[in-house]
Amino acid sequence: MLLHGDSEACIISGDLTDSASPEALLWLKDLLVDFPIPTHLMIGNHDDRSVFFDIFDTYAKDENGFLQYTFNVAEDRFLCLDTKKDEPVPSGEYCEKRMAWLDNELSKSNTDTYIFMHHPPFDVGVPHMDRIKLSEAEAFGDLISSHKNIRHIFFGHVHRPVFLTWRGITCSACPGINHQMPLVGRAVSTKFSVEPPMYAVIEIENGELRINLDAFLDRHPVAH
Ligand SMILES: [Fe+2]
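This report concerns the structure included in the present document. (Residues numbered from 1 in each chain as written. Predicted model: local features only at pLDDT ≥ 70, side-chain atom pairs only at ≥ 80, totals over all residues. Heavy atoms only, no water.)

**Some thoughts on the overall build of the protein**
On a plain count of helices and strands, the protein comes out with five helices and ten strands. For the protein, the C-alpha radius of gyration of 17 Å lies close to 17 Å, the compact-globule estimate for 224 residues. Each principal axis of the C-alpha atoms in the protein carries an extent, and together these give about 55 × 40 × 40 Å. Counting all 224 residues of the protein, 46% fall into the buried class. (Helix = DSSP H or I, 4+ residues; strand = E, 2+ residues; numbered from the N terminus. Rg over C-alpha atoms; globule rule 2.2 N^0.38 Å. Buried < 20%, exposed > 50% of the residue type's maximum accessible area, 1.4 Å probe, protein only.)

Structure (structure tokens):
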């Protein structure tokens, strides 16, 4: 049974593979060939921008070579940002060139806009993740605050379900689909943990946003 088959878009918010090897990305590309929902890929710290563009050659670079783009669903606008640092480190970056692109995109229209970004520009309350967030958090926040049409920020990277407001904007992340980050350090004997992976189902209608998380690998029948 195909679930959510009426979805108009699927966004995979970066860290597409662990190693960023061409072989791994080709495997992903193969998996997506028959995937029935239009899919929008983003990159995170585990990705390699040039390998991505080599394998997914239908994606366009922005004017500075980053993987940033806009797409629309009905009246709503979605901006997918590139927060990857050039060097292979876990923290994220949003440089002046990327800021200029975002400022320009946000200025083009007053329509409701939803941002997707891999690295959060704020703390989530998990020390290990807060050390490797977006480096330019304040400058990014100032840019965001100068525009009034942003309805929500979706982010990845933290491997946990998180919901918060930041600069008056609601923000959320869903659990990673590989491994998790325990909310409390040392709650398990390893840095990472295994907890239910989930995807988020996002519904937007008449300016109202609804997000449901679904633990797709842990969904079993149970006698009531
Ligand atoms: Fe990440």
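**Remarks on the coordination of the iron ion**
When a metal holds four donors in a tetrahedron, each ideal angle between them is 109.5 degrees; when it holds six in an octahedron, the ideal angles are 90 or 180 degrees. Every protein donor of the iron ion is listed here as Asp15 (OD), Asn45 (OD1), His118 (NE2) and His157 (ND1), and their distances to the metal cover 2.1 to 2.2 Å. Mapped onto the polypeptide sequence, the residues donating to the iron ion form the spacing pattern D-x29-N-x72-H-x38-H. Here aspartate 15 is found in the loop between strand 1 (10-12) and helix 1 (22-32), whereas its partner histidine 118 is found in the loop between strand 5 (113-117) and helix 4 (127-130), with 103 residues between them in sequence. (Donors = N, O, S within 2.8 Å, 3.2 Å for Na, K, Ca; no water.)

**Description of the side chain of asparagine 45**
Position of asparagine 45 relative to the elements: it lies in the loop between strand 2 (39-41) and helix 2 (49-55). The class for asparagine 45 is buried, based on a relative accessible area of 13%. Of note is the side chain of asparagine 45, whose polar atom sits 3.1 Å from the side chain of histidine 118. If sequence neighbours within four positions are ignored, asparagine 45 has contacts with Asp15, Lys84, Val89, Pro90, His118, His119 and His157. (Polar contact = N/O pair within 3.5 Å; in protein donor to acceptor, adjacent residues only side chain to side chain. Contact = heavy atoms within 4.5 Å.)

**Quick word on the pairing of strand 9 (residues 199-205)**
Looking at chain direction, strand 9 and strand 10 (residues 208-214) are connected through seven bridges and run antiparallel. Looking at strand 10, one finds that glutamate 205 is bridged to glutamate 208. Hairpin geometry of strand 9 and strand 10 is characterised by an intervening segment of two residues between the two adjacent antiparallel strands and by a positive phi of about 50° at asparagine 206. (Pairing = 2+ DSSP bridges.)

**Observations concerning the nonpolar core**
Core analysis: the biggest nonpolar cluster contains 29 residues, and Leu81, Leu102, Ile115, Phe140 and Phe155 have the highest contact counts within it. Elements supplying a minimum of two residues to this core: helix 3 (96-107), strand 5, helix 5 (137-145), strand 6 (150-155), strand 7 (162-166) and strand 8 (169-173). Considering each element in turn, this core owes the most residues, four residues, to helix 3. Apart from residues no more than four positions distant in its own chain, phenylalanine 140 is found in contact with Leu81, Tyr94, Met99, Leu102, Met117, Pro121, Leu134 and Trp166. Among the nonpolar cores identified, the runner-up in size contains 21 residues, and Leu41, Phe71, Tyr114 and Phe116 belong to it. (Core = buried A, V, L, I, M, F, W, Y, C linked by side-chain atoms within 4.5 Å.)

**A look at the pairing of strand 7**
Burial along strand 7 is one-sided: Val162, Leu164 and Trp166 are buried, and none of Phe163 and Thr165, which face the opposite way, are. Across five bridges, strand 7 lies against strand 8 in antiparallel orientation. Directly across from leucine 164, in strand 8, lies its bridge partner cysteine 171. Hairpin geometry of strand 7 and strand 8 is characterised by an intervening segment of two residues between the two adjacent antiparallel strands and by a positive phi of about 55° at arginine 167.

**Description of unusual backbone geometry**
One non-glycine residue, histidine 4, adopts positive backbone phi at about 60°. A positive phi angle is found at histidine 159, which is not glycine, with a value near 65°. Residue position: histidine 159 is located in the loop between strand 6 and strand 7.

**Section: the environment of asparagine 212**
Mapped onto the elements of the fold, asparagine 212 is located in strand 10. Look at asparagine 212 and you get partly exposed, because its relative accessible area is 40%. Contacts of asparagine 212, omitting those with residues within four sequence positions, involve Tyr199, Ala200, Val201 and Glu203.

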